[in-house]
Each structure stands twice: as C-alpha cells, then as structure tokens.
Amino acid sequence: MAAIAFWVSLVSVSLNAGFVAIGAAVIARRGGWAYLRGRFGSREQAIYQSPYYNHRHSQFDRLPMSPSDIMFLGDSITDEGEWSDWFPAATIRNRGISGDTIGGVLRRLPNLLKGAPKAVFLMIGINDLINVRRSPEQVLACYEQILSLVKQQTPQTQVYVQSVLPIAAPFPSALNQTILQLNQGIAALATSFGYRYLDLHGAFVVNGQLDPACTTDGLHLNGEGYARWASHLRLLIDPTLSLAETFLAKTSGDD
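Residues numbered from 1 in each chain as written. Predicted model: local features only at pLDDT ≥ 70, side-chain atom pairs only at ≥ 80, totals over all residues. Heavy atoms only, no water.

### Section: the pairing of strand E1 (residues 70-74)
- In terms of burial, E1 is largely enclosed, as 5 of its 5 residues are buried.
- Side chains of E1 alternate between two faces, with Ile 70, Phe 72 and Gly 74 and Met 71 and Leu 73 buried alike.
- Pairing of E1 with strand E2 (residues 92-96), which is carried by 5 bridges, proceeds in the parallel orientation. Across the sheet, Gly 74 pairs through a bridge with Gly 96, a residue of E2.
- Both E1 and strand E3 (residues 119-123) contribute to a ladder of 5 bridges, which runs parallel. Looking at E3, one finds that Phe 72 is bridged to Phe 121. (Buried < 20%, exposed > 50% of the residue type's maximum accessible area, 1.4 Å probe, protein only. Helix = DSSP H or I, 4+ residues; strand = E, 2+ residues; numbered from the N terminus. Pairing = 2+ DSSP bridges.)

Structure, rendered in structure tokens:
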C-alpha cells in the first residue's frame, strides 16, 4: 500500500508540474508578466488602457492651454458636458475623460498645468468609490496631492473644487452616505488650500439620491442636469452677467 501511495503521489506531482510548465509557456508566448498585468490587473489600470481613454489623453498632450483658459477637469460627468455651448463667451477647455479616477487626474495634471490656465473646475471621485473601491480617506489623500500640485506649479490658477454628485438606482443607495463623507473632506481640503468649494450636491439631491429629473441611469446627467449645473456656475465663469442682471432689475423696477 505504501508503494502504491508513493507512485500516486509521484504521478500527481508530475502532472501538476506539467500543467505549471504549460501555463508558463502560454504566458511567456503572450507577453510574460506584461500579459498577466493586463489580464489580471486592477480595474483602474484597465480604465487607463482603454482605447477611448488613451485617444483622449493623447489629444490633451498635444492641445495647448493658455492663461486665459478655463479648464473643466474630471471624469465622464465632466466629459459629457457641452461647456463651450453653455458658456459661449468664455474660453473653456474640456479635459474630462470618461471613466477617469482621481489617480488618473493626478497622473495627467502636470502636463495640463503647463499652460497655467486661469481657472480649473474640478469634479472627480465617483469612479473611485464605485469601480476602484477606494475609501473616502484614500480619495482625499489624492485630492490633497492634486491641490498641492496646482498651488506649487501654477499658484495664480483659481481652483473651484466641486462636490461629488449623489447617485440613484441602480447604484446602491448606501453609497450616498459615503459621498457625503467624501464631500465633507473635499470641502475642508479646498478651504485649507484657499480654494473655493462648490456644493453642487445639494442642488441635485432629492430624498437622499440624485434627482431623477436629472438622469436616466442614476449616475450621468441629462440636459436638465447640465442646465442646473451651468446655472450654478454662470456668475463664476462670466461675472459681468451679475452686473447686467442688476441693471435689468433696476430698470424693470423703474417702469
């Protein structure tokens, strides 16, 4: 019996070694560790390797930025906004990339700041919570690096740090509490760097979730959503509107 057990064990070990050798050969033929990283890498790396992300990122590396420009920076929620149409009098550069994370923004920010834009409207973090599963503390650590980098590289740039928006079904409603926690930290960081925090969350929340009038999928915005967002930014992007509105109000009152 001992001899039989020995031979069974030997055969088992040999078969396992054979499978390992075959697997190693397949991996080597497909690119070795690079193949493994691509096949089993993090969700965040998969985002950065997508054709859309790379195509858009490579354009941004070539497109100029000037000190008179206003940059919108973020993920798909920024990417999908027709900002130049909402604010035709301003020179706006949309630098949002669908699927982006706060790590991606931090990675591409130094090149974006080379033109020293006049202002940056930043919104990022929802993909970190949903897809990458970062904690609010981890997201905030990256936020601090981003704000520090802007302060060091282009101290004249005004940063408007926008809150992360609420979400709705089919996304888990419990995540809205995490978003609130993250926004509290974002507000504190913005203040500590001398930047302005814009609480858009309050303008979009209904019963603790994203207003259904502003979305069709619980995450991204429709026309109503972007109109609401633009209305909150209008006086910041074109302060002359406040003078015009005041004048109109006075002249209407004189009639």
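### Section: helix H9 (residues 136-153)
- The end-to-end C-alpha separation of H9 is 26 Å, in line with the 26 Å expected for 18 residues at 1.5 Å each.
- Taken together, the buried positions of H9 are occupied by Pro 136, Val 139, Leu 140, Cys 142, Tyr 143, Ile 146, Leu 147, Leu 149 and Val 150.
- In this structure, the buried residues of H9 make contact with helix H7 (102-112), E3, helix H8 (126-132), strand E4 (158-162) and helix H10 (175-192). (Expected span 1.5 Å × (residues − 1). Contact = heavy atoms within 4.5 Å.)

### Notes on the sheet that holds strand E5 (residues 196-198)
- The sheet built from 5 strands is open, its strands ordered E2-E1-E3-E4-E5 with parallel pairing. Unpaired on one side and paired on the other, E2 and E5 mark the two borders of the sheet. If you compare each strand with its neighbour and ignore which way they point, the axes differ by 20° on average.
- Both E4 and E5 contribute to a ladder of 3 bridges, which runs parallel. Within the sheet, the bridge partner assigned to Val 161 lies in E5 and is Tyr 197.
- Here H7 sits on the sheet and contacts E1, E2 and E3; the angle it forms with E1, its principal contact strand, is near 165°. (Axes fitted to C-alpha atoms, helices over the stretch in contact; angles between N-to-C directions.)

### Let's talk about the nonpolar core
- Formed by 65 residues in total, the largest nonpolar core has its most connected members in Phe 72, Ile 77, Phe 121, Tyr 143, Phe 204, Leu 221 and Trp 229.
- Residue contributions to this core peak at 8 residues, all from H9.
- The residues touching Tyr 143, leaving out its near neighbours within four places in the chain, are Ile 102, Leu 122, Met 123, Ile 124, Val 161, Gln 162, Ile 186 and Leu 189. (Core = buried A, V, L, I, M, F, W, Y, C linked by side-chain atoms within 4.5 Å.)

### Here we look at the packing of aromatic side chains
- Applying the stated rule across the entire model yields 8 aromatic pairs.
- When the ring of Tyr 48 is compared with that of Tyr 53, the centres are 5.3 Å apart and the planes differ by 50°; the resulting orientation is tilted. A single burial state applies to Tyr 48 and to Tyr 53, both of which are buried.
- For the pair Phe 193 and Tyr 195, a centre-to-centre distance of 6.5 Å together with 5° between the ring planes defines the contact as stacked.
- Within the aromatic cluster, the residues linked to one another by ring pairs are Phe 72, Trp 83, Phe 121, Tyr 160, Tyr 226 and Trp 229.
- It is Arg 107 that lies over the ring of Tyr 48; its NZ or CZ is 4.2 Å from the centre.
- Here Arg 228 stacks its cationic end above the ring of Phe 204, 5.7 Å away from the centre of that ring. (Phe/Tyr/Trp six-rings, centres within 6.5 Å; stacked < 30°, edge-to-face > 60°. Lys NZ or Arg CZ within 6 Å of the ring centre and 35° of its normal.)

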